[in-house]
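# Structure at a glance
Okay, here's what each chain looks like letter by letter:
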Amino acid sequence: WASGITKKEGALDGGVQTGEWTFYYENGQRRANGRYDNDHQVGPWTYYYENGGVERSGSFDATGKRTGEWSYNYPDGALRVRGTYLADFEDGAFEHFTADGSSERTGQYDKGMLSGPWSYFYPGNKPKAAGLCHRGERIGTWRVWDEAGQQRTQDFGLKAGLQIVQEKWPDGTLRRTGVLQNGPPVGRWTSWHENGKPRFCCAFQDGRARGV
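Residues numbered from 1 in each chain as written. Predicted model: local features only at pLDDT ≥ 70, side-chain atom pairs only at ≥ 80, totals over all residues. Heavy atoms only, no water.

### Observations regarding the overall build of the chain
For the chain, the helix and strand inventory stands at zero helices and 18 strands. By principal-axis analysis of the C-alpha atoms, the chain measures approximately 65 × 45 × 30 Å. The buried share of the chain, reckoned over its 212 residues, is 34%. Of all intrachain contacts in the chain linking residues separated by at least 6 positions in sequence, the fraction that spans at least 24 positions is 12%. Approximately 12,300 Å² of the chain is accessible, and the part contributed by carbon and sulfur atoms is 47%. When the 27 positive and 26 negative side-chain charges of the chain are each reduced to one mean point, those points stand 5 Å apart. (Helix = DSSP H or I, 4+ residues; strand = E, 2+ residues; numbered from the N terminus. Buried < 20%, exposed > 50% of the residue type's maximum accessible area, 1.4 Å probe, protein only. Contact = heavy atoms within 4.5 Å. Areas by Shrake-Rupley, 256 points an atom, 1.4 Å probe, with all protein chains shown as cover. Lys, Arg positive; Asp, Glu negative; His and termini not counted. Charge placed at Lys NZ, Arg CZ, Asp CG, Glu CD.)

### Focus: the packing of aromatic side chains
Aromatic ring pairs are defined here through the distance separating the ring centres and the angle between the ring planes. Inspection of the entire model under this criterion finds 16 aromatic pairs. An angle of 80° between the planes, with centres 6.0 Å apart, marks the rings of Trp21 and Tyr36 as edge-to-face. Taken together, the positions of Trp21 in strand β2 (residues 16–24) and Tyr36 in strand β3 (residues 30–37) put the pair 15 residues apart, joining distant regions of the chain. For the pair Trp21 and Tyr36, a shared accessibility class is recorded, and that class is buried. Aromatic side chains Tyr85 and Phe94 sit 5.6 Å apart centroid to centroid with 80° between the ring planes, which places their arrangement in the edge-to-face category. (Phe/Tyr/Trp six-rings, centres within 6.5 Å; stacked < 30°, edge-to-face > 60°.)

### Some words on the pairing of strand β15 (residues 174–181)
Of the pairings in the sheet, the one linking strand β14 (residues 162–168) to β15 comprises seven bridges and is antiparallel in character. Note on β15: the bridge partner recorded for Gln166 is Thr177. Count of turn residues in the β14/β15 antiparallel hairpin: five residues, of which Gly172 carries a positive phi of about 95°. Two strands pair when backbone bridges link them, and β15 and strand β16 (residues 185–192) are joined in this way by four bridges, in the antiparallel orientation. Within β16, the position partnered with Val179 by the bridge is Val186. Adjacent in sequence and paired antiparallel, β15 and β16 are bridged by three residues, among which Asn182 carries a positive phi angle near 55°. (Pairing = 2+ DSSP bridges.)

### With respect to the pattern of salt bridges
Proximity of charged atoms lets side chains of opposite charge pair with each other. Tallied over the full model, the rule gives ten salt bridges. One salt bridge in this structure joins Arg210 and Asp91, with 3.0 Å as the shortest N-O distance. Taken together, the residues Arg210 in strand β18 (residues 208–210) and Asp91 in strand β8 (residues 89–97) connect sequence positions 119 residues apart. Ionic contacts of the salt-bridge type, sharing partners, join the residues Asp91, Asp110, Arg188 and Arg210 into one network. (Salt bridge = Lys/Arg side-chain N within 4 Å of Asp/Glu carboxyl O.)

Structure, rendered in structure tokens:
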């Protein structure tokens, strides 16, 4: 920095970044640290706010794309977002939280697009909306609540070739849900145990489970 404070430091090999690197704010506080391989960020990296708290952390694959679980925090350290990435796209389960720790929305992504069941909440974890998404759009019938707790339904329809599957346990609780497209399963599918706890979730492509 113009003040003489170190802005970044690490090693170069043939003019490209390699090994451990650390970046700093102008006040000298650490801003980020992790490894480079042939100018690509690889492995675990951590980013910091100027107050020293962790802003976000996760890993990069060998090509410098986000992979695996990442977490994002508010400046006071409270968790803001937690979810998984594949080749730099949101892929899998994600949880979003308000600054007070309440759920804001939860659901899954398929290659960066909303997919499968999503739930939205008012402050204090009061339900706001719940239903299925496919390729980033709401589909089928959603349950919607006003702030007083009154429930209604809203039908977002289905494009040609899509079919929603919802299987239930004998007591009526949801057992499995997902979308068929012209027959084979597509997007995120989710199943639950009889007590309502999540059992299994994955993405389907060409009729077969893929990824994590």
